[in-house]
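Summary of structural features
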Amino acid sequence: MPSLVLLVSLVVGMWSMSFSTSSSCPTNCTCHLELKFATCANNNLTTLPTAIPPSTEHLNLSLNQLTFVQHQAFRFTRRLRTLLLNDNKISAIADGAFSPLEALVKLDLSRNRISTLTKGFSLGLGSLLESCLPGSITS
């Protein structure tokens, strides 16, 4: 009988985790709190989504219509380790857009429209191990 109680407790706990996963995620996105993963890919987004769970470590925003990344755009998702912004229409990135992301190790900005960055622009990402940036960026 004690093992049945334990099994029921585990099932209820997993059910409540699944419920909280879907309730704390932006519309048109899928979030997996237990995996610390969120994807809003291929949704024709024109602005960065709000209310991404703060515990998210891996965020996929690829294949959208994003055009601009504003200053401290990811200030509420400071734990990000992977950020995929590839295949959008990003033509401008504000200085300091990624500065809150001290744990970021992978940033993909490939296949966007970024051609010029302001003088003195800095990603501000000391932990970055892998980046995919457009090849024709000038400053």
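Keep in mind the model is a prediction, meaning the values are calculated, not measured.

**Thoughts on the overall build of the chain**
Scanning the chain from N- to C-terminus turns up one helix and eight strands. Taken from the N to the C terminus, the helices and strands of the chain come in the order α-β-β-β-β-β-β-β-β. In the chain, which comprises 139 residues, the proportion classed as buried is 36%. Here the contacts in the chain between residues at least 6 apart in sequence split such that 40% fall between residues at least 24 apart. Surface exposure of the chain reaches about 8,100 Å², of which carbon and sulfur atoms provide 58%.

**Things to note about the nonpolar core**
Membership of the largest hydrophobic core comes to 29 residues, with the highest contact counts inside it found for Leu61, Val69, Phe74, Leu83, Leu85, Ile93 and Phe98. Dropping the residues within four chain positions of it, leucine 85 is found in contact with Leu48, Leu61, Leu66, Val69, Phe74, Ile90, Phe98, Leu107, Asp108, Leu109 and Asn112.

**Focus: the environment of asparagine 43**
Topologically, asparagine 43 is positioned in the loop between strand E2 (37-39) and strand E3 (58-60). For the pair asparagine 43 and leucine 61, spaced 18 residues apart in sequence, the C-alpha to C-alpha distance is 8.8 Å. With residues up to four places along the chain from it excluded, the contact list for asparagine 43 reads Asn28, Leu63 and Asn64. Of note is the side chain of asparagine 43, whose polar atom sits 2.4 Å from the backbone oxygen of asparagine 28.

**Comments concerning the sheet that holds E2**
Within the open sheet, the six strands sit side by side as E1-E2-E3-E5-E7-E8. Their pairing is mixed. Two strands close off the open sheet at either side, each with one partner strand: strand E1 (30-32) and strand E8 (130-132). Looking at each pair of strands side by side, their axes are set apart by 5 degrees on average, direction ignored. Where E2 and E3 come together, three bridges link them in parallel fashion. Opposite threonine 39, over in E3, you have asparagine 60 as the bridge partner.

**What about the layout of surface pockets?**
By volume, the largest pocket amounts to about 240 Å³. If you trace the largest pocket, you find 13 residues lining it, with Pro49, Thr50, Ala51, Ala73 and Phe76 closest to the centre. Classifying every residue of the lining of the largest pocket gives nine nonpolar, three polar and one charged.

**Section: the packing of aromatic side chains**
Evaluation of the coordinates by the stated rule reveals one aromatic pair. Judged by centre distance (6.0 Å) and plane angle (10 degrees), the rings of phenylalanine 74 and phenylalanine 98 are stacked. Highlighted residues: phenylalanine 74 in the loop between strand E4 (68-69) and strand E5 (82-84) and phenylalanine 98 in the loop between strand E6 (92-93) and strand E7 (106-108), separated in sequence by 24 residues. For phenylalanine 98, a relative accessible area of 1% gives the class buried.

**A word on the pattern of salt bridges**
All told, the structure shown has three salt bridges when counted by the stated rule. For glutamate 57, the salt bridge goes to lysine 36, with nearest N and O atoms at 3.6 Å. Residue glutamate 57 is located in the loop between E2 and E3, and its partner lysine 36 is located in the loop between E1 and E2; the two are separated by 21 residues in the primary sequence. We note a salt bridge from aspartate 87 to arginine 111, for which the minimum N-O separation is 2.8 Å. Of the two residues, aspartate 87 sits in the loop between E5 and E6 while arginine 111 sits in the loop between E7 and E8, which places them 24 residues apart along the sequence. A residue is classified by how much of its surface remains accessible, and aspartate 87, at 23% relative accessible area, is partly exposed. Residue classification places arginine 111 among the exposed residues on the basis of a relative accessible area of 56%.

About the criteria used
- In this numbering scheme, every chain counts its residues from 1 along its sequence in written order.
- Residues qualify for local features only when their pLDDT is at least 70, as the model is predicted, and side-chain atom pairs are given and counted only at 80 or more; totals for whole chains, interfaces and linings, by contrast, use all residues.
- The side-chain quantities take in all heavy atoms of the structure and omit both hydrogens and water.
- Going along the chain from the N terminus, every DSSP run of H or I of four or more residues is numbered as a helix, and every run of E of two or more is numbered as a strand.
- Remark: exposure states derive from per-residue accessible area (1.4 Å probe, protein chains only) relative to the maximum for the residue type, with buried under 20%, exposed over 50%, and partly exposed in between.
- Here, residues are in contact when the closest pair of their heavy atoms is within 4.5 Å.
- Using a 1.4 Å probe, accessible areas were evaluated by the Shrake-Rupley method; residue-level cover was limited to the displayed protein chains.
- We call a set of buried Ala, Val, Leu, Ile, Met, Phe, Trp, Tyr and Cys residues a nonpolar core when their side-chain atoms join them within 4.5 Å.
- Under the rule applied, a polar contact is a pair of N or O atoms within 3.5 Å (in protein, one hydrogen donor and one hydrogen acceptor; residues adjacent in sequence only if both atoms are side-chain atoms).
- One requirement defines pairing of two strands: DSSP has to find at least two bridges between them.
- Lines fitted to C-alpha atoms define the axes here, with helix axes fitted over just the stretch in contact, and angles between the N-to-C directions of these axes take values from 0 to 180 degrees.
- Cavities and pockets were defined on a 1 Å grid built from protein atoms only: a cavity is a group of points that admits a 1.4 Å probe but offers it no way out, a pocket is an open group of points flanked by protein on both sides within 12 Å along at least five of seven lines, and a lining residue is one with an atom within 4 Å of any such point.
- Grid points are joined across faces, edges and corners, and a volume is the space filled by probe spheres set on the points.
- The nonpolar class holds Ala, Val, Leu, Ile, Met, Phe, Trp, Tyr, Cys and Pro. Asp, Glu, Lys and Arg form the charged class, and all remaining residues, Gly among them, are polar.
- A pair of aromatic rings is counted whenever rings of Phe, Tyr or Trp (Trp by its six-membered ring) have centres within 6.5 Å, and the orientation is called stacked for planes under 30 degrees apart, edge-to-face for over 60 and tilted otherwise.
- Salt bridge, as used here: a side-chain nitrogen of Lys or Arg that lies within 4 Å of a carboxyl oxygen of Asp or Glu.

Geometric values such as these leave the question of function open.
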